[in-house]
Amino acid sequence: MVAGLQGIYQQAERAARKRQQRLSTAHLVLAMYKSSRGSVLFARHGVDEARLVEALAVEYDESYNAVVTAIERAAALAKEPGDRFANATPLGLLPVDVV
């Protein structure tokens, strides 16, 4: 796993443990928000930390492997030759049109 993605994954795991929740893609989004580039991007779209934390309180029916799948897809995008994702970053987890 690319270093940036590994860091986001670890931060997401800590956020889930802190809240005694199962790790989800929502925790990945919170971890991305807490990164310097992530907070700027989310703020530009009107998302703040309070709203993300509030969203964590809602239980979603998410596949048990959704987090792993998201990380794998971001890493795969980074490996595509000639692609603008030359190096995977945590923001690679977001849909392309958002970044």
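Residues numbered from 1 in each chain as written. Predicted model: local features only at pLDDT ≥ 70, side-chain atom pairs only at ≥ 80, totals over all residues. Heavy atoms only, no water.

Its place among the elements puts Ala16 in helix 1 (residues 3-18). Classification of Ala16 as buried rests on a relative accessible area of 2%. For the pair Ala16 and Leu56, spaced 40 residues apart in sequence, the C-alpha separation works out to 9.0 Å. (Helix = DSSP H or I, 4+ residues; strand = E, 2+ residues; numbered from the N terminus. Buried < 20%, exposed > 50% of the residue type's maximum accessible area, 1.4 Å probe, protein only.)

Time to look at the confidence of the model for the protein chain. Residues at a pLDDT of 70 or more form 73% of the protein chain, whose mean pLDDT is 76. No element of the protein chain has a lower mean pLDDT than helix 5 (residues 66-79), which averages 78, and none a higher one than helix 2 (residues 25-33), which averages 88. (pLDDT = per-residue confidence, 0-100.)

Turning next to the side chain of Ser24. Residue position: Ser24 is located in the loop between helix 1 and helix 2. Ser24 sits in the buried class, given a relative accessible area of 13%. In contact with Ser24, not counting residues within four places along its chain, are Glu62 and Val67. (Contact = heavy atoms within 4.5 Å.)

As a further point, take the nonpolar core. If you look at the biggest cluster of nonpolar residues, it comprises 17 residues, and the most contacted ones within it are Leu5, Ile8, Leu28, Leu30 and Ile71. Secondary structure elements with two or more residues in this core: helix 1, helix 2, helix 4 (49-56) and helix 5. Look past the residues within four positions of Leu30 in its chain and what remains in contact with it is Ala15, Arg19, Glu49, Leu52, Val53 and Leu56. (Core = buried A, V, L, I, M, F, W, Y, C linked by side-chain atoms within 4.5 Å.)

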